[in-house]
Amino acid sequence: MKTYRDQMHGLQFTPEQKAAMVDALLAASQAPHQRRPQPRKALLFAAVAAAVILCVACASGALQATVAAFSALFGISSPAQTQVIQDRAQVIQTSDTDNGVTVSMESVMGDAHNAQILFSIRRTDGQPLLPQRPDLSWLINQDHALLFEEDSTLNMFTPAEDDQPDRYLLSSALHFVPFEATDSVLYFLFSVSSPNYPLPSGGMSLTLRNLCSYGPVSGKDEKGSIPLVEGTWDLSFHLEYDTSTLSLPTGQTFHHGPLTGTVEEIRLSPISIYLSFRYTFEEETLAAGYDPGATELSKEAWLEEQKREWFSNLPLYVTFPDGTTQDIQQDTVDLGGFSQGSVYTLSGALQTVLPLDSIASFHLGDLTIPLPD
Amino acid sequence: MRPPLERQEAERLVETYSDLVLRLSYSYLNQTQDAQDICQTVFLKLLERAPDFVSSDHEKAWIIRTTANTCKDLLKSHWRRTTVAMEAASHIPAPELEEGSLSAAVNLLPPKYRAVIYLYYYEGYSSKEIARLLGRNPATVATQLRRGRTQLKDLLESEGSS
C-alpha cells in the first residue's frame, strides 16, 4: 500500500505540461502590463466610518469603529445589521502602551460559543504604524500577511483550572481590516469559536507581542517572522456581552438531491451558526453515475467525493420579508462542515452579521423554517 | 514591476514550484482539474506584485500562501459548484486512493485540515510555520492537526508518521 508521502510525490505535472506553463508565463510577462486598480478599501473604511459618525444612533467611537470594521471586512451595510452591532457589541476600550505603540481592545460581540473581538494598534505620536520601507511594499498587497509573534487570545478562553482544556476545540481567525502603508492606526478582528462548550466570560487577560509579517520560513529557525512593530501589550478586561442564541425547531426532514437529512440542532446568532443533521444518501442513485472510464478514483472514493459535493452545495440561506435572501453556506469560517458517522455538522463564526429580528425564514435544502416573530 | 521574465527564470519557477502548487491545490480541492489554472494564477500574481524575497524559503512561503488563498477563492466561487465540463487535454491523474490507506482517510477530512496535513507531513513545516504560511492562529493549526491526527491515528502509526 502506498504511503501518503508516496501518493503525494506521485502527483506531478508532465514535462510537456511544465513546458506549456513556461511558454504561457513568458507570453504573459511580455504582454502590456495593465495594473488593476487596487480597491481602496482603506478609503471605504474611512468613508463608512465617516457615514457612521453622522448616524444619529451611534453611541461611541468604539461602536463606530466596530461597524466600520465589519463593513470593510464582511461588507455589511444595512441599517438592520448596523443596529445589531450597536445593540450587541460590548464596548471594552482597554489598552496598553509599550515602545510608543498602543494596542486597544475596542469591543466584543458574540454568543455563547463564538466571539468577534475588535482591536486597534497605533503609535502614540500619530505617525504611520508600519515601517516606511520600500522592501515591505509586498506586504501591503498580500492578504493576511500580519501576525503577532505571540498572542494568548485562545488561552484567555480556556479556563486555567479546566482539566480538559482540549475539549473546547477552540479555533480562531485573524482579520486585519484593509489598510494603507501610511495608516497611523490599524484595526484587526479576532474571531473565536468553541462549538462544543460555551466560551467563558468574566475577568480575563490577554498578551500580544510583536506585530510581524511572515518572512523566511525555515525548518530550523523558529523566529522566521519579520518584526514590524515591537512591543508587548498586556490587556486586562471584563467580558460580559450578550450571548443570546436563537434555537430553531428540530426533527424535520429535508431533501437535497440524493441526500435526506433530519435536523438535530440549529442555533443562530448574529455572528454564528451551529447546524447538525443526521443524513442518508440514496446510494444506488449516486452509484449509477460512476463511470470508471471518466475518473481515476475508485468507486468508493468517487462516491465519498460526490457526497462531499452534495454537502458543500446544500442550500442554506435566510429570507427577509421583502423576499431577498442571504446565503450562509459558504460564510462560515473556522471549522466549517464536518461529517462524522451519519451526522453532519456545520458550525462557526460567520463573515457577516445576521439581523435575526429581520429574518422571515431559515432554509435548509427544501425545508423552510419560519423564524418566530 | 520587475523587468520582462527571462526563459531561464520562468523555467526555474515552474520546475521549482509547479508540483508543490499541484499537491497543495489537490489537498484543498480533492481534484487536479484546476491545478494548471491555479499555477498560472499564482505565477502571474508573482509577476504582477514582484515581491522582493530575502531568501528561497521566503519565496516558497509566498508561493504556498498565494496558492492557499487562490484555492480558497475557488472553493467559494459559484461557478465551481455548477457542473462545468472540463477539457480532458490537461488532465493530471489524481492519486489512486487505496481503501484503508492514509491518503483515502485524509481525503475524507475538510479542505482546511487536508492542507494542514499536507504541509505538516509532506512539506515538513511545523504547526507554527504553517500558521504563518496560512495566516491562521497557531492554536488553530494545532487544533486542526490534533483533530486530524485523532481521525487518522491508526493509519498514521502504521505509516510511522505519528
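Note that this is a predicted model, so its numbers are computed, not measured.

**As for the overall build of chain B**
Part 1 of the argument: A count of helical and extended segments in chain B gives 8 helices and 0 strands.
Part 2 of the argument: Going from the N terminus to the C terminus, chain B shows its helices and strands as α-α-α-α-α-α-α-α.
Part 3 of the argument: Of all 162 residues assigned to chain B, the portion counted as buried reaches 57%.
Part 4 of the argument: Contacts in chain B between residues far apart in sequence, at least 24 positions, make up 70% of those at least 6 positions apart.
Part 5 of the argument: Looking at chain B as shown, the accessible area adds up to about 6700 Å², and 50% of this sits on carbon and sulfur atoms.

**A closer look at the confidence of the model for chain A**
Residue and element names in this part refer to chain A.
Part 1 of the argument: Overall, the prediction assigns chain A a mean pLDDT of 77, with 76% of residues at 70 or greater.
Part 2 of the argument: Per-element mean pLDDT across chain A ranges from 42 in helix 3 (residues 41-53) up to 96 in strand 10 (residues 253-256).
Part 3 of the argument: In the model, residues 215-224 has pLDDT below 50 throughout and makes 25 contacts with residues more than four positions away in sequence or in other chains.

**Considering the pairing of strand 16 (residues 343-349) of chain A**
All names here are of chain A.
Part 1 of the argument: Of all 7 residues that make up strand 16, 7 are buried, and the element is covered over most of its length.
Part 2 of the argument: Bridge count for strand 12 (residues 272-281) against strand 16 is 7 bridges, and the pairing is antiparallel. In the strand pairing of strand 16, Arg 278 is matched with Val 343.

**Examining the nonpolar core**
Part 1 of the argument: Formed by 52 residues in total, the largest nonpolar core has its most connected members in Tyr4(A), Leu25(A), Tyr28(B), Phe43(B), Ile63(B), Tyr118(B) and Leu119(B).
Part 2 of the argument: Residue contributions to this core peak at 11 residues, all from helix 1 (residues 7-29) of chain B.
Part 3 of the argument: By size, the runner-up hydrophobic cluster in this structure holds 34 residues, among which are Ile121(A), Leu146(A), Leu147(A) and Leu228(A).

**As for the pattern of salt bridges**
Part 1 of the argument: Applying the stated rule across the entire model yields 12 salt bridges over all chains.
Part 2 of the argument: Ionic pairing is found between Arg7(B) and Glu11(B), a salt bridge with its closest N-O pair at 3.9 Å. Of the two residues, Arg7(B) and Glu11(B) are both situated in helix 1; the distance of 4 residues between them amounts to about one turn of the helix.
Part 3 of the argument: Of the residues examined, Glu11(B) reaches a relative accessible area of 37% and is grouped as partly exposed.
Part 4 of the argument: For Glu59(B), the salt bridge is made with Arg12(B), and the minimal N-O distance between the two is 2.8 Å. Here Arg12(B) lies in helix 1 and Glu59(B) lies in helix 3 (residues 56-76), a separation of 47 residues in the sequence.
Part 5 of the argument: Residue classification places Glu59(B) among the buried residues on the basis of a relative accessible area of 8%.
Part 6 of the argument: Residue classification places Arg12(B) among the partly exposed residues on the basis of a relative accessible area of 33%.
Part 7 of the argument: Because the salt bridges share partners, they merge into one network encompassing Lys18(A), Glu15(B) and Asp19(B).

**Observations regarding the side chain of Arg88(A)**
All names here are of chain A.
Part 1 of the argument: Counting through the fold element by element, Arg 88 comes out in helix 5 (residues 79-88).
Part 2 of the argument: A polar atom in the side chain of Arg 88 sits 2.7 Å from the backbone oxygen of Gly 110.
Part 3 of the argument: Within the local environment of Arg 88, its side chain forms a polar contact with the backbone oxygen of Asp 242, the two atoms lying 3.1 Å apart.
Part 4 of the argument: Contact partners of Arg 88, with chain neighbours within four places excluded, come to Val 108, Met 109, Gly 110, Asp 111, Tyr 241, Asp 242, Thr 243, Ser 244 and Pro 270.

**Comments concerning the environment of Leu26(A)**
Part 1 of the argument: Mapped onto the elements, Leu26(A) comes out in helix 2 (residues 15-30).
Part 2 of the argument: The class for Leu26(A) is buried, based on a relative accessible area of 8%.
Part 3 of the argument: Beyond its immediate chain neighbours, meaning those up to four positions away, Leu26(A) contacts Leu5(B), Glu6(B), Arg7(B) and Ala10(B).

**Comments concerning the packing of aromatic side chains**
All names here are of chain A.
Part 1 of the argument: Applying the stated criterion across every chain, the model contains 15 aromatic pairs over all chains.
Part 2 of the argument: Ring geometry for Phe 254 and Phe 277: centres 5.0 Å apart, planes at 85 degrees, overall edge-to-face. You can see Phe 254 sitting in strand 10 and its partner Phe 277 sitting in strand 12, a full 23 residues away along the chain. Neither Phe 254 nor Phe 277 differs from the other in exposure class; each is buried.
Part 3 of the argument: Taking 5.4 Å as the distance between ring centres and 35 degrees as the angle between the ring planes, the aromatic pair formed by Phe 277 and Tyr 344 counts as tilted. Of this pair, Phe 277 sits in strand 12 while Tyr 344 sits in strand 16, and the two are 67 residues apart along the sequence. One exposure class covers both Phe 277 and Tyr 344, and it is buried.
Part 4 of the argument: Above the plane of the ring of Tyr 274 lies Arg 267, whose end atom (NZ or CZ) is 4.1 Å from the centre.

Rules used throughout
- Residues numbered from 1 in each chain as written.
- Chains lettered and ligands numbered in written order.
- Predicted model: local features only at pLDDT ≥ 70, side-chain atom pairs only at ≥ 80, totals over all residues.
- Heavy atoms only, no water.
- Helix = DSSP H or I, 4+ residues; strand = E, 2+ residues; numbered from the N terminus.
- Buried < 20%, exposed > 50% of the residue type's maximum accessible area, 1.4 Å probe, protein only.
- Contact = heavy atoms within 4.5 Å.
- Areas by Shrake-Rupley, 256 points an atom, 1.4 Å probe, with all protein chains shown as cover.
- pLDDT = per-residue confidence, 0-100.
- Pairing = 2+ DSSP bridges.
- Core = buried A, V, L, I, M, F, W, Y, C linked by side-chain atoms within 4.5 Å.
- Salt bridge = Lys/Arg side-chain N within 4 Å of Asp/Glu carboxyl O.
- Polar contact = N/O pair within 3.5 Å; in protein donor to acceptor, adjacent residues only side chain to side chain.
- Phe/Tyr/Trp six-rings, centres within 6.5 Å; stacked < 30°, edge-to-face > 60°.
- Lys NZ or Arg CZ within 6 Å of the ring centre and 35° of its normal.

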